[in-house]
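Here's the letter readout for the chains.
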Amino acid sequence: VQLVEFGGGSVQAGGSLRLSCAASGRTFSDYGMGWFRQAPGKGREFVAAISWSGGRTDYADSVKGRFTISRDNAKNTLYLQMNSLNAEDTAVYYCAGDLVYRRSWYSPPQQYEMYYWGQGTQVTVSS
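This structure is a prediction, so every number in the text was calculated from the model and none was measured. (Residues numbered from 1 in each chain as written. Predicted model: local features only at pLDDT ≥ 70, side-chain atom pairs only at ≥ 80, totals over all residues. Heavy atoms only, no water.)

1. Quick look at the overall build of the protein chain
To be explicit about the condition: Strands are runs of DSSP state E lasting at least two residues, helices are runs of H or I lasting at least four, and both sets are numbered from the N terminus onward. As defined in this context, the radius of gyration uses C-alpha atoms, and a globule is described by 2.2 Å times the residue total to the power 0.38. Only protein chains enter the accessibility calculation, which uses a 1.4 Å probe; a residue is then buried when its area is under 20% of its type maximum, exposed when over 50%, and partly exposed in between. Residue contacts are defined here by distance: any two heavy atoms, one from each residue, within 4.5 Å place the two residues in contact. Only the protein chains shown count as cover for residues, and all accessible areas are computed by the Shrake-Rupley method using a 1.4 Å probe.
Assigned secondary structure in the protein chain consists of 0 helices and 11 strands. In terms of C-alpha radius of gyration, the protein chain reaches 13 Å, essentially the compact-globule figure of 14 Å for 127 residues. Counting only residues that meet the buried cut, the protein chain has 44% of its 127 residues in that class. Considering only intrachain contacts with a sequence separation of at least 6, the fraction spanning at least 24 residues in the protein chain is 60%. When the accessible area of the protein chain is evaluated, it comes to approximately 6,300 Å², of which 46% is carbon and sulfur surface.

2. With respect to the sheet that holds strand E7 (residues 67-72)
Heads up, the condition is: Only strands joined by at least two bridges in the DSSP assignment are considered to pair. Interaxial angle, 0 to 180 degrees, is taken between N-to-C directions of lines fitted to C-alpha atoms, where a helix line uses only the stretch in contact.
Read from one edge of the open sheet, 4 strands run E1-E3-E8-E7, paired in antiparallel fashion. Bordering the open sheet on either side are strand E1 (2-6) and E7, each of which pairs with just one other strand. When the angles between neighbouring strand axes are averaged without regard to direction, this sheet yields 15°. By the bridge criterion, 6 bridges tie E7 to strand E8 (residues 77-82) in an arrangement that is antiparallel. Looking across to E8, one finds that Thr68 is bridged to Gln81.

3. Points about the pattern of salt bridges
Just so we agree on the cut-off: Here, a salt bridge means any Lys or Arg side-chain nitrogen found within 4 Å of an Asp or Glu carboxyl oxygen.
For the structure on display, the rule yields 8 salt bridges. Here Arg66 ties to Asp89 by a salt bridge, and the two come within 2.8 Å at their closest N and O atoms. Here the residue Arg66 occupies a position in the loop between strand E6 (57-59) and E7, and Asp89 occupies one in the loop between E8 and strand E9 (91-98), the gap between them amounting to 23 residues. The closest approach of N and O atoms between Arg103 and Asp98, which form a salt bridge, is 2.7 Å. When its relative accessible area of 22% is taken as the criterion, Arg103 is described as partly exposed. Assessed through its relative accessible area of 0%, Asp98 is described here as buried. Overlapping salt bridges, with partners in common, bring together Arg37, Glu45, Arg66 and Asp89 in one network.

4. Overview of the nonpolar core
The following threshold applies: As used in this record, nonpolar core signifies buried Ala, Val, Leu, Ile, Met, Phe, Trp, Tyr and Cys residues forming a set joined through side-chain atoms within 4.5 Å.
If you look at the biggest cluster of nonpolar residues, it comprises 32 residues, and the most contacted ones within it are Trp35, Leu78, Leu80, Met82 and Tyr93. Taken together, the elements giving at least two residues each to this core come down to strand E3 (17-24), strand E4 (33-38), strand E5 (44-50), E7, E8, E9 and strand E11 (121-126). The dominant element in this core, judged by the number of residues it contributes, is E5, at 5 residues.

5. Overview of the pairing of E11
Only one face of E11 is covered, namely the one carrying Thr121, Val123 and Val125; the face carrying Gln122, Thr124 and Ser126 has none of its residues buried. Pairing between E9 and E11: 3 bridges, direction antiparallel. Each bridged residue has a counterpart across the sheet, and for Tyr93 the counterpart in E11 is Thr121.

6. Thoughts on a nonpolar patch on the surface
Defined as follows: Each patch is built from residues lacking any salt bridge and having more than 30% relative accessible area; the joining distance is 9 Å for like charges and 5 Å for nonpolar side chains (Val, Leu, Ile, Met, Phe, Trp, Tyr).
Judged by side-chain polarity, Leu99, Val100 and Tyr115 come together as a nonpolar surface patch covering roughly 290 Å² of accessible area. Mapped onto the elements, Leu99 comes out in the loop between E9 and strand E10 (114-117). On the accessibility criterion, Leu99 (42% relative accessible area) is partly exposed.

In structure tokens form, the structure reads like this:
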């Protein structure tokens, strides 16, 4: 399984970016997916997740109302639309995939529940 992120970059505060994650190596539509991030000097944290069916989405409180996670199963691609960015959103963003086939999450997934990881893409927001 391979996950490759695209779309990172530098943006001014208040701006927008859309991250993409291209998945290969398994049937994308059968697995939940998520985005995590790691800011300089901090641990990696949960950002957003979407169930295998797309019927459930979860967001960290810090991004609710600003970020939107979505998936296009026909294109094997996961997205993260990020609006109203601020300096606290500066981080390396990682795409992650669940190991378990069609798992039903009852709460936002933890890092240990995500088995496959991309290499990360840098997002820098300047104020």
